[in-house]
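# Reading the structure
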Amino acid sequence: MNDKQSQNNSGYKRTLSNAHIQLIALGGTIGTGLFLGVGDSIHRAGPSVILIYIIVGVFLFLLMRALGEMIMSDLNKHTYIDFIEQYLGKNIGFITGYLYWISWITLGMAETTALGIYFKYWFPTLKPWIPGIITIVLLLLINLISARVFGNLEFSFAIIKIVTIVAFVILIFYLLITGGKTTFGPVSFENLDDHGGFFARGTKGFLQGFQMVIFSFIGVELIGLTAAEAQNPKVTLKRAINQLPVRIILFYVMAILGILLVIPWSKVSTNSSPFVQALGATGIRNASSIINFVVISAAVSSTNSFLYSAGRLLFSVTYNGKGKWNQTFGHLSKRQLPQNSLILSALLMACAPLITMVIGDQAFNFISSTSTSMFLIIWCLMVLTHISFRKKTPESVYSDFKMPGFPYVDYLILLFFGLMIILLLILPSYRIPMIAAIVTFIILYIISKIWSNEKTV
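Residues numbered from 1 in each chain as written. Predicted model: local features only at pLDDT ≥ 70, side-chain atom pairs only at ≥ 80, totals over all residues. Heavy atoms only, no water.

### Things to note about the overall build of the protein
- Counting its regular elements, the protein contains 21 helices and two strands.
- Taken across its 457 residues, the protein has 60% of its residues classed as buried.
- For the protein, restricting intrachain contacts to residue pairs at least 6 apart in sequence, the fraction spanning at least 24 positions comes to 82%.
- Accessible surface for the protein amounts to roughly 18200 Å². Of this, 65% is attributable to carbon and sulfur atoms. (Helix = DSSP H or I, 4+ residues; strand = E, 2+ residues; numbered from the N terminus. Buried < 20%, exposed > 50% of the residue type's maximum accessible area, 1.4 Å probe, protein only. Contact = heavy atoms within 4.5 Å. Areas by Shrake-Rupley, 256 points an atom, 1.4 Å probe, with all protein chains shown as cover.)

Below, the structure is given as structure tokens:
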């Protein structure tokens, strides 16, 4: 395939292979939300966190089917934001694009902040900002080479995470079958019912568990951002989306079940990775170092994905726009990459140490809660876009990858996300981040009105 054939009319080169897309899809569902955040989810909800992961996973699978149908209808669109702008209007597209971009930036800040903590395990005297800055610089250079190099790197990180989770699940179930014991006692299903039962924290605890679980799934829609750079998107994207339920069951439900089979939920750590705790309880030597390496690779992988996404989102919302800002960030380099958008996104992510200095130890929790809140708003807008798409698009344009149960399933997804927004406003721990997300949306709406003539339709 020559350059002309491999480049679509959006300007991007189609350099991501089937293997890249599949591993990016897998890697996008495995991050620090699972490796670290799951401890907080278990602490709040008890064993019922397993049910929460299944519920959230089902709704995000349905969301991905809706997004997948739109993507297949026009594979030359840069991002989901192009669909939102087309079907909900230029202003809503502007708002969503920048809200989406800010969300990825804040997530990147959280990951780079976490890297400083992870590296202290091996280098106690290392300044916490050094690993994050070095990582950002290296990832920026990699992303400026080509999307294929990004894909190769994410491919490698995804394999590390996948192998770790699979090995962990196999080990725990081997111990379960053979009657193995740990420092917490026998590996047993009784841990799910003991210490207060499956809903040990009651209804309130069950509802409080949703925030971190939703945060764990952020990034699942990343595969849609690869459509314009995928070599065979009609095949690879369908396969990646349809395999989402399997990934949810294996990499979330089975992994968390493995933790709870080893450790009574009330003893699961919230300050370190429960995977480290579970493996350490089995007596495996150097388990902490092994998992610390995996957690670092997961953080680097997530930062890599966030930078990739942020660069393309900023390019998308400024593409073909008027004014110096839009012209600076709305064009591609000679390598068909959003170079300026990637550089700005990386610079902002590198400001993470300043955020930590202001907020302190609660920086990660606050940023993750704010990101969750922003994504709930974005996901609602995506569903509304799909509803408008189906109403305004002739049936002849539909792809063969239709959203099942339209429009009732769309309304059901909207209801679920809407209830989650209300829930976060009710719960004191998440009220301020949810309000911050809503205020950000309002500010962007005002800016969109002021700058309405800056970008062409």
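From this point on, the discussion continues.
### Some details on the nonpolar core
- Ranked by size, the top nonpolar core spans 136 residues in total, and within it Phe275, Trp379 and Phe417 carry the most contacts.
- Among the elements that take part in this core, helix 5 (residues 49-73) stands out by supplying 16 residues, more than any other.
- Beyond its immediate sequence surroundings of up to four residues, Phe275 is in contact with Leu34, Phe35, Val38, Ile165, Phe168, Ala255, Ile259 and Ile291. (Core = buried A, V, L, I, M, F, W, Y, C linked by side-chain atoms within 4.5 Å.)

### Focus: the pattern of salt bridges
- For the coordinates displayed, the defined rule picks out two salt bridges.
- Between Arg44 and Asp40 there is a salt bridge whose closest N-O contact spans 3.0 Å. Of this pair, Arg44 and Asp40 are both found in helix 4 (residues 37-45), four residues apart, which corresponds to roughly one turn of the helix.
- Looking at Asp40, the relative accessible area reads 19%, which means it is buried. (Salt bridge = Lys/Arg side-chain N within 4 Å of Asp/Glu carboxyl O.)

### A few points about a nonpolar patch on the surface
- On the surface, a nonpolar cluster with roughly 470 Å² of combined accessible area is contributed by Leu412, Leu415, Leu419, Ile422 and Ile426.
- Examined against the element boundaries, Leu412 turns out to sit in helix 20 (residues 408-426). (Patch = residues over 30% accessible without salt bridge, like charges linked within 9 Å, V, L, I, M, F, W, Y side chains within 5 Å.)

### Here's the deal with the environment of Gly321
- Its place among the elements puts Gly321 in the loop between helix 15 (287-318) and helix 16 (323-329).
- Placed ten residues apart in sequence, Gly321 and His331 show a C-alpha to C-alpha distance of 9.7 Å.

### Overview of the packing of helix 8 (residues 129-143) against helix 17 (residues 339-349)
- With their axes 10 Å apart at the nearest point, helix 8 and helix 17 run at an angle of 170 degrees to one another. Considered as vectors, helix 8 and helix 17 are oriented roughly antiparallel to each other. Touching Ile136, Leu140 and Asn143 of helix 8 are Leu342, Ile343, Ala346 and Met349, all from helix 17.
- Of the residues contributing to the contact of helix 8 with helix 17, the split by class is six nonpolar, one polar and no charged. (Axes fitted to C-alpha atoms, helices over the stretch in contact; angles between N-to-C directions. Parallel < 35°, antiparallel > 145°, perpendicular 65-115°, else oblique. Nonpolar A, V, L, I, M, F, W, Y, C, P; charged D, E, K, R; others polar.)

### What to know about helix 15
- With 32 residues, helix 15 should cover 46 Å at 1.5 Å per step; its first-to-last C-alpha distance of 47 Å lies within 8% of that length.
- Of all 32 residues in helix 15, 28 are buried, a share of seventy percent or more.
- Just past helix 15, the residue Asn320 takes up positive phi, approximately 65 degrees. (Expected span 1.5 Å × (residues − 1).)

### Details of the packing of helix 20 against helix 21 (residues 428-450)
- Helix 21 packs onto helix 20 with a crossing angle of 120 degrees between their chain directions and a minimal axis gap of 5 Å. Relative to helix 21, helix 20 is oriented oblique. Touching Ile421, Leu424, Leu425 and Ile426 of helix 20 are Pro428, Tyr430, Arg431, Met434, Ile435 and Ile438, all from helix 21.
- When its residues are assigned to classes, the contact of helix 20 with helix 21 shows nine nonpolar, no polar and one charged.

### Side note on the packing of aromatic side chains
- One pass over the structure, following the stated rule, counts 20 aromatic pairs.
- Centre to centre, the rings of Phe198 and Phe199 are 5.2 Å apart; their planes meet at 80 degrees, and the pair counts as edge-to-face.
- What makes Phe198 partly exposed here is its relative accessible area of 27%.
- Each ring, one from Trp325 and one from Phe329, has its centre 4.7 Å from the other, and the planes form 55 degrees; the classification is tilted. Here Trp325 and its partner Phe329 are both found in helix 16, four residues apart, which amounts to about one turn of the helix.
- In this structure, Arg65 packs its charged tip against the face of Phe401, placed 4.1 Å from the ring centre.
- Over the aromatic face of Phe406 sits the side chain of Arg390, whose NZ or CZ is 4.3 Å from the ring centroid. (Phe/Tyr/Trp six-rings, centres within 6.5 Å; stacked < 30°, edge-to-face > 60°. Lys NZ or Arg CZ within 6 Å of the ring centre and 35° of its normal.)

### Looking at the side chain of Ser302
- Here Ser302 shows up in helix 15.
- Judged by relative accessible area, which is 8%, Ser302 ranks as buried.
- When residues no more than four places from it in sequence are discounted, the contact partners of Ser302 are Gly31 and Glu111.

### Considerations on the environment of Val295
- Looking at where Val295 falls in the secondary structure, it is placed in helix 15.
- For Val295, a relative accessible area of 3% corresponds to the buried category.
- The residues contacting Val295, other than those within four sequence positions of it, are Phe35, Leu36 and Tyr118.

### As for the confidence of the model for the protein
- Model confidence for the protein is summarised by a mean pLDDT of 81, while 86% of its residues fall at 70 or above.
- Confidence over residues 1-10 falls short of pLDDT 50; this stretch has 18 contacts with residues more than four positions distant or in other chains. (pLDDT = per-residue confidence, 0-100.)

### Digging into helix 11 (residues 210-217)
- Buried residues dominate helix 11, accounting for eight of its eight residues.
- For helix 11, every residue scored as buried is listed here: Phe210, Gln211, Met212, Val213, Ile214, Phe215, Ser216 and Phe217.
- Phi for Gly219, located one or two positions after helix 11, is positive at around 110 degrees.

### Thoughts on the environment of Ile145
- One can find Ile145 in the loop between helix 8 and helix 9 (147-178).
- Accessibility expressed as a relative area gives 38% for Ile145, which makes it partly exposed.
- Distance in space between the C-alpha atoms of Ile145 and Leu337 is 8.3 Å, their sequence separation being 192 residues.
- The residues contacting Ile145, other than those within four sequence positions of it, are Arg335 and Leu337.

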